[in-house]
Amino acid sequence: MSATSRIKAPTPSDIMARKGGTPLVSLTAYTTPIAQLVDPHCDFVLVGDSVGMVLHGLPSTLGVTMDMMCLHGAAVARGLERAMMVVDMPFGSYEESPEQAFRNAARLMRETGAAAVKLEGGLAMAPTIQHLTSRSIPVMAHVGLTPQAINTLGGYKVQGRGDDRAKVMADAQAVSDAGAFSVVLEKVPASLADEITAAIPIPTIGIGASAGCDGQILVVDDMLGLFTAFKPKFAKRYATLGEDADKAIAAYADEVRARSFPAAEHVFGDAAPEPKS
Ligand code: KIV
């Protein structure tokens, strides 16, 4: 990351101004090499708390800590030149009070260079979002299925069907009114996502929502076929890197056991090579 090239990165206001325009493209990233791969193609990159499940083998996002988000956020920042970076606030780092949220959001931005933080929750989090945005911390909100709340939501269910429809709409309205510059809509019916997108003035970023949202996000390891522990319906696979890696590792193991690796071209002779003329 260089100071001059990062000046080209969009700001939260630029992202907000894309409402109703060409869809915003986003993926998660947790490491420098993946950040370098996604950077040329994305408007913003999310250092998601999905890192806990995808890279650390945790059963949910609930065990993710501030230290983990700071470490992965700093690694991703080193791989970005043109995309904006958003870092997730982990479970327990913002719900207690707006003051706690400010302290931790400021730490995430200071230690990672993120342009914004993302936090989960609608109406109940509106005062916290208002507190942060009025103190120079841009907030991306996240409503619908909020994975940090799986224990109260009863699992990873679609949110906003039947009587819950009005609740998800009210959540989206509340975070928008509180000053969020965009909102992730996760696992909500497509017709509700379209209705929310038409009703609020900030960009909606869909994941398991609708092609009518103002942008889309996926977990990068899902779409590359690298994370295969489970596959949500919305996680379209654009590659099968997990299968390719399995084949490559099996071939390496076979060659080591057969002593065909390393071959002559991978080892060193006693004499230094002749200098090239
Ligand atoms: O943590 C994450 O990866 C997310 C996306 C699924 C939006 O919050």
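Residues numbered from 1 in each chain as written. Predicted model: local features only at pLDDT ≥ 70, side-chain atom pairs only at ≥ 80, totals over all residues. Heavy atoms only, no water.

Visitor: What should I look at first to understand the packing of helix 5 (residues 66-77) against helix 6 (residues 98-112) in this one?
Guide: Each pair of packed helices gets described by two things: the angle between the helix axes and the distance between those axes. At a closest axis distance of 8 Å, the pairing of helix 5 and helix 6 adopts a crossing angle of 30°. The chirality of how helix 5 crosses helix 6 is right-handed. Residues Met 66, Asp 67, Met 69, Cys 70, Gly 73, Ala 74 and Ala 77 of helix 5 form the contact with helix 6, whose participating residues are Asn 104, Arg 107, Leu 108, Glu 111 and Thr 112. Its residues assigned to classes, the contact of helix 5 with helix 6 comprises six nonpolar, three polar and three charged. (Axes fitted to C-alpha atoms, helices over the stretch in contact; angles between N-to-C directions. Helix = DSSP H or I, 4+ residues; strand = E, 2+ residues; numbered from the N terminus. Left-handed = near helix turned anticlockwise from the far one by under 90°. Contact = heavy atoms within 4.5 Å. Nonpolar A, V, L, I, M, F, W, Y, C, P; charged D, E, K, R; others polar.)

Visitor: What am I meant to see in the side chain of Asp 222 here?
Guide: By the secondary structure assignment, Asp 222 is in helix 11 (residues 220-223). In this structure, Asp 222 is buried with no salt-bridge partner, the nearest side chain bearing the opposite charge being Arg 237 at 6.4 Å. Contact partners of Asp 222, with chain neighbours within four places excluded, come to Phe 227, Pro 232, Ala 235, Lys 236 and Arg 237. (Buried < 20%, exposed > 50% of the residue type's maximum accessible area, 1.4 Å probe, protein only. Lys, Arg positive; Asp, Glu negative; His and termini not counted. Salt bridge = Lys/Arg side-chain N within 4 Å of Asp/Glu carboxyl O.)

Visitor: So what exactly am I meant to see when it comes to unusual backbone geometry here?
Guide: Peptide bonds are mostly trans, and most non-glycine residues show a negative phi. Omega for the bond connecting Phe 261 with Pro 262 falls within 30 degrees of zero, at 0°, which places this linkage in the cis form. Here Pro 262 shows up in the segment after helix 12 (241-257). Of note, Ser 136 is a non-glycine position whose phi angle comes to about 70°, a positive value. On the secondary structure map, Ser 136 appears in the loop between helix 7 (126-133) and strand 5 (139-144). Overall, Ser 136 belongs to the exposed group, its relative accessible area being 65%. Located in the positive-phi region is Lys 187, a residue other than glycine, with phi close to 50°. Structurally, Lys 187 is set in the loop between strand 6 (182-186) and helix 10 (190-199).

In short, the description is geometric, and any link to function would need to be established separately.
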